[in-house]
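If you want the building blocks of each chain, they are given just below.
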Amino acid sequence: MAVSNLADDMGYEVEQRNGQRLFGPPSNWYGEAPSHSCEVFVGNIPKEIYEETLVPILSAIGTLYQFRLMMDFHGYNRGFGFAKYTLPEEALEACRLLHGYPIAPGKKLGVVKCVDNNSLYLGGIPNMTPATIEDKLIRNTKNICSIYITVPDHWNRRYVLASYKSHRDTALTRRFLQTTSHVIWNTRQQIIVDWGNRHNLTLPVFAKMAGNSVNYDSEFCNYRSPLSTRYASKEMQYNFSDQKKFSTWRQLWVNLAKAEKELGLAINNEQIVQMEANLQNIDFAAAAAEERLTRHDVMAHVHVFATQCPLAAPIIHLGATSCFVGDNTDLIIIRDGFDILLPRLAGVINGLTDFAQRYKDLPTLGYTHLQPAQLTTVGKRASLWLSDLLMDERALRRARDDLRFRGAKGTTGTQASFLQLFDGDGTKVSALDKRVTQLSGFERGYAVTGQTYSRKVDIEVIAALSSLGASVHKMCSDLRLLANRKEIEEPFETSQIGSSAMPYKRNPMRSERCCALARHLMALYSNAVNTHSTQWLERTLDDSANRRITLAEAFLSADAVLLTLLNISQGMVVYPKVIARHVMQELPFMSAENIIMAMVKKGGDRQVCHEKIRVLSHEAAAEVKQHGRDNDLINRVKADPYFKPILGELDTLLDPSTFTGRASDQVTEFIEEEVKPILCNYKNSLEELKKPVTLSI
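Since the structure is predicted, the reported quantities are computational estimates derived from the model, not experimental observations. (Residues numbered from 1 in each chain as written. Predicted model: local features only at pLDDT ≥ 70, side-chain atom pairs only at ≥ 80, totals over all residues. Heavy atoms only, no water.)

(A) The arrangement of the overall build of the protein chain in detail. Looking only at helices and strands, the protein chain features 25 helices and 18 strands. When its C-alpha atoms are laid out on the principal axes, the protein chain stretches across 130 × 80 × 45 Å. For the protein chain, the residues scored as buried account for 48% of the 697 residues in total. Expressed as a percentage of contacts within the protein chain between residues at least 6 apart in sequence, the contacts between residues at least 24 apart total 72%. Of the roughly 35500 Å² of accessible surface on the protein chain, 52% is carried by carbon and sulfur atoms. Of the charged side chains in the protein chain, 80 are positive and 78 negative, and the gap between their average positions amounts to 4 Å. (Helix = DSSP H or I, 4+ residues; strand = E, 2+ residues; numbered from the N terminus. Buried < 20%, exposed > 50% of the residue type's maximum accessible area, 1.4 Å probe, protein only. Contact = heavy atoms within 4.5 Å. Areas by Shrake-Rupley, 256 points an atom, 1.4 Å probe, with all protein chains shown as cover. Lys, Arg positive; Asp, Glu negative; His and termini not counted. Charge placed at Lys NZ, Arg CZ, Asp CG, Glu CD.)

(B) Expanded view of the nonpolar core. Formed by 114 residues in total, the largest nonpolar core has its most connected members in Trp253, Met275, Phe338, Leu396, Leu403 and Leu465. Counting residues per element, this core draws most heavily on helix α12 (residues 322-358), which supplies 16 residues. Apart from the residues lying within four places of it in its own chain, the contact partners of methionine 275 are Trp253, Val254, Ala257, Phe305, Cys309, Ala312, Ile315 and Ile316. (Core = buried A, V, L, I, M, F, W, Y, C linked by side-chain atoms within 4.5 Å.)

(C) Fine view of the pairing of strand β1 (residues 12-17). As defined by bridge partners, β1 adjoins strand β2 (residues 20-26) across five bridges and the pair is classed as antiparallel. Opposite valine 14, over in β2, you have phenylalanine 23 as the bridge partner. (Pairing = 2+ DSSP bridges.)

(D) Main features of the layout of surface pockets. Reported here for the largest pocket is a volume of approximately 1400 Å³. In this structure, the largest pocket is lined by 32 residues; those nearest its centre are Arg68, Met70, Phe82, His167 and Trp195. Listing elements by their share of the lining of the largest pocket, those giving two or more residues are β2, β3 (39-43), β4 (64-71), β5 (77-85), β8 (110-113) and α5 (167-184). Looking at the lining of the largest pocket residue by residue, the class counts come to 13 nonpolar, eight polar and eleven charged. The computed volume of the second largest pocket comes to approximately 1000 Å³. Surrounding the second largest pocket, 34 residues form its lining, Lys245, Asp297, Asp330, Ser544 and Arg548 being those nearest its centre. (1 Å grid on protein atoms, 1.4 Å probe; cavity = no way out; pocket = protein on both sides within 12 Å on 5 of 7 lines; lining within 4 Å. Points joined across faces, edges and corners; volume = space filled by probe spheres on them. Nonpolar A, V, L, I, M, F, W, Y, C, P; charged D, E, K, R; others polar.)

(E) Representation of helix α1 (residues 2-10) in the model. The set of residues buried in α1 consists of Val3, Leu6 and Ala7. For α1, the angular spread of the buried residues around the axis is 100 degrees, confining them to a single face. Exposed and oriented more than 90 degrees from the buried face of α1 are Asp8 and Asp9. Buried residues belonging to α1 abut β1, β2 and α2 (51-59). Taken from the residues just after α1, glycine 11 is the one with a positive phi, measuring 75 degrees. (Arc of directions from axis to C-beta.)

(F) Structural view of the packing of α12 against helix α18 (residues 544-571). As a packed pair, α12 and α18 sit with axes 9 Å apart at the nearest point and diverge in direction by 20 degrees. The angle between α12 and α18 falls in the class roughly parallel. For the pair α12 and α18, the sense of crossing is left-handed. Contact residues: Asp330, Ile334, Gly337, Phe338, Ile340, Leu341, Arg344, Leu345, Gly347, Val348, Gly351 and Leu352 in α12; Arg547, Leu551, Phe555, Ala558, Asp559, Leu562, Leu563, Leu565, Leu566 and Ser569 in α18. Taken together, the residues of the contact of α12 with α18 sort by class into 14 nonpolar, four polar and four charged. (Axes fitted to C-alpha atoms, helices over the stretch in contact; angles between N-to-C directions. Parallel < 35°, antiparallel > 145°, perpendicular 65-115°, else oblique. Left-handed = near helix turned anticlockwise from the far one by under 90°.)

(G) Seen up close, the packing of helix α16 (residues 456-484) against α18. At a minimum axis distance of 10 Å, the contact between α16 and α18 shows a crossing angle of 35 degrees. Viewed along their axes, α16 and α18 form a crossing whose handedness is left-handed. Across the interface between the two elements, Asp458, Val461, Ile462, Leu465, Leu468, Val472, Met475, Cys476 and Leu479 of α16 pack against Arg547, Thr550, Leu551, Ala554, Phe555, Ala558, Val561, Leu562, Leu565 and Ile568 of α18. Tallied by class, the residues present in the contact of α16 with α18 amount to 16 nonpolar, one polar and two charged.

Written out as structure tokens, the structure is:
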């Protein structure tokens with residue numbers, strides 16, 4: 001009777017249908033019903049509570065289209081129902097405000113967004129083959145999409161999770177199976193038929209048409225980035241972790257509150273102390289649930305933080321926009337990322353410096369066009385890699401030092417909200433911006449921004465990291481070529497396997513890994529420039545998802561590359577005798593001009609000598625190319641009586657060290673003038689970085 005009176009007063013219709021009582025829609029409603037996105041599930045309803053209590057509470061949120069209270073056959077409520085509003089925003093607000101609403105002493109409502117459930121859980125099926133179970137479900141139910149079947153439990157029963165094309169298909173199938181399961185499965189024991197989800201299945205399952213068991217709750221059934229599982233350091237992973245990100249958001253809210261309090265807003269110490277006590281105490285599950293309701297990550301965390309800090313709830317995020325925490329946190333994480341990378345890069349430079357110094361006098365073949373040219377030294381070649389890395393150190397350091405803080409700029413960068421907070425006092429707003437910047441560890445902020453700091457900053461950051469990738473790729477490509485010639489090898493551990501099929505191989509897998517990751521790092525630059533170029537006016541949100549991936553992967557890739565390169569630089573192996581053999585294969589040709597000059601000094605005719613050397617060189621080249629023999633040019637010279645005047649000088653003329661020019665001196669000068677001043681900036685961390693770096697994979 002009370003329900004009918006309420007319906008008459010509100011102008012709603014009431015109808016009992018299929019185990020539910022429908023309150024609504026309004027009698028004056030015309031057109032289509034609101035979409036499913038407007039509906040919420042209302043649970044934990046006490047048995048004694050009905051529409052006359054629930055509908056006024058639900059209607060206080062927005063216009064209620066219909067409330068469906070689930071009823072049993074005796075006319076009692078079953079403890080849950082569904083409320084549909086006229087707008088999706090009203091449904092979200094109902095979830096936010098009514099979830100946990102104290103409906104009766106010791107009783108709180110549960111209010112969440114409705115999600116179509118297209119799955120059924122079937123429990124206690126007698127043990128049959130997965131193929132038999134699949135066949136019975138396909139023959140007896142309609143529009144089935146997938147089936148997951150557990151291995152038998154210790155009672156020799158199986159459990160099934162079956163999904164259907166639509167929620168309606170699933171509901172009809174559920175009703176059908178509840179009355180016919182004993183016939184379908186040919187058993188007298190009770191078969192459980194209920195709404196399903198993946199968590200119904202706690203035992204290993206058989207995926208449809210697959211013969212292997214799969215535990216879908218395992219972390220290995222989710223995508224995991226190799227940068228996290230294989231390559232990047234724990235420090236860099238933490239730098240881009242949710243814990244670091246969201247605790248930084250909270251620290252920024254603390255910094256903002258402190259600055260606002262200093263400048264006269266009504267904020268007390270108890271509020272700030274409560275916030276500081278919960279900086280790291282992040283309820284990720286609650287935040288995820290809030291974000292599912294609000295579709296807004298910042299507001300989800302505002303709500304959760306406010307719940308943990310009730311005294312501070314009124315002043316959290318006061319005057320700020322989402323980018324206050326989002327962009328400022330990104331800048332802090334980028335800065336901290338550079339602080340991790342730069343010492344590692346210095347460690348690589350230090351290791352290569354020692355290598356270049358040690359081998360600055362060792363002659364080796366130099367190549368142009370990948371063809372033997374003149375001699376250089378092993379150390380001089382390493383100095384070329386060093387030179388590139390010094391430029392990368394300068395670029396990374398400059399990008400780090402050029403970073404500023406976004407600060408407190410407001411929705412479109414005009415600081416209008418803060419100006420309103422401080423009653424139009426622009427001096428205080430400017431002071432607030434500077435104070436928040438200082439409290440957050442930055443000396444300067446960007447003078448002007450839109451809603452975000454300019455994504456041109458990201459271009460400069462990613463450009464420096466991509467350029468580092470190019471240097472590493474070039475160096476490691478060189479090492480791979482030299483490993484092919486067996487002149488230099490990267491470290492190779494005693495238990496390391498080079499090939500699954502060819503046990504003799506020593507593949508340069510570290511250098512290959514560096515090249516692979518460096519290519520990815522270089523490719524990320526295009527993301528940064530494309531993102532900046534498409535930021536319309538004061539800001540568009542199409543940067544967000546891209547930056548979540550690009551910034552993190554750029555730093556994680558650079559970190560992984562430098563860790564691997566640090567390991568390489570600490571243990572490169574040089575084979576001087578192999579290098580000497582390769583030198584002597586080419587040196588006779590390179591010595592031709594020296595031999596000619598020596599003969600001229602002994603009174604010989606240059607043109608005659610040139611012709612003889614030309615003929616002998618071609619004969620020696622034919623031996624090498626056509627017959628695969630060693631270069632025998634010098635033996636041919638010694639056998640020709642024409643060259644008798646200089647036979648005693650040939651060993652001196654063929655000394656490889658006389659062909660390397662100033663290579664050794666160049667290395668020494670380069671290290672003293674260019675490298676050591678840079679390494680002095682990292683003297684506090686170099687001792688730690690000299691310790692052997694061990695790669696987990």
